[in-house]
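Examination of the molecular architecture
So you can see what is in the structure, the chains are spelled out below.
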Amino acid sequence: MMKREAQGKRPSFYEDPSLDQMMSMIMVLAGEVSVLADELDSTHRVLKAKGIDTAAEIAQLELDDAALEVREARRQELLNRMFYLVRKEAAEAAASETREGYLATIDAIAEG
């Protein structure tokens, strides 16, 4: 699997960076919901044309462990995409931390 990561500074639209992060997450979710709605609509249309009652079939469906694992993997991939910016910024912040900076922060807190 090829790792895709944007290079350079991200555009900022709001004064608070967390709002930009939230907007990014919302846009990822909106894209996922749109794709799922299209796929579900297509599935229902195909099955209806073949005379299959999807509501009844879905109500009776029991998933095995393999299907549950596939669903969990898909959920984790979605969460990875949603929280990509948060994790990236946390990693960048952690990489820029130094022992000296940490000790200076502790001293500043201790001095009140």
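Residues numbered from 1 in each chain as written. Predicted model: local features only at pLDDT ≥ 70, side-chain atom pairs only at ≥ 80, totals over all residues. Heavy atoms only, no water.

**Describing helix 1 (residues 17-49)**
- Counted at 1.5 Å a residue, the expected span for helix 1 with its 33 residues is 48 Å, and the 49 Å between its end C-alpha atoms agrees.
- Every buried residue belonging to helix 1 is among Asp20, Gln21 and Met25, and all of these are buried.
- Taken together, the buried residues of helix 1 touch helix 3 (65-82) and helix 4 (84-96). (Helix = DSSP H or I, 4+ residues; strand = E, 2+ residues; numbered from the N terminus. Expected span 1.5 Å × (residues − 1). Buried < 20%, exposed > 50% of the residue type's maximum accessible area, 1.4 Å probe, protein only. Contact = heavy atoms within 4.5 Å.)

**Description of the side chain of Thr54**
- Of note, Thr54 is situated in helix 2 (residues 54-60).
- When residues no more than four places from it in sequence are discounted, the contact partners of Thr54 are His44 and Leu47.

**Side note on helix 5 (residues 99-111)**
- Over its 13 residues, helix 5 extends 18 Å from the first C-alpha to the last, a length consistent with the 18 Å expected when each residue adds 1.5 Å.
- One or two positions beyond helix 5, positive phi appears at Gly112, with a value near 80 degrees.

**Brief notes about the pattern of salt bridges**
- According to the stated counting rule, one finds four salt bridges in the structure shown.
- A salt bridge links Glu77 to Arg81, with the nearest nitrogen and oxygen atoms 3.6 Å apart. Of this pair, Glu77 and Arg81 both sit in helix 3, four residues apart, which is roughly one turn of the helix.
- A residue is classified by how much of its surface remains accessible, and Glu77, at 32% relative accessible area, is partly exposed.
- One salt-bridge network, held together by shared partners, links Glu32, Glu77 and Arg81. (Salt bridge = Lys/Arg side-chain N within 4 Å of Asp/Glu carboxyl O.)

**Section: the confidence of the model for the protein chain**
- Averaged over all residues, the pLDDT of the protein chain is 87; the fraction at 70 or higher stands at 91%.
- Within the protein chain, no element has a lower average pLDDT than helix 4, which sits at 85, and none a higher one than helix 3, at 93. (pLDDT = per-residue confidence, 0-100.)

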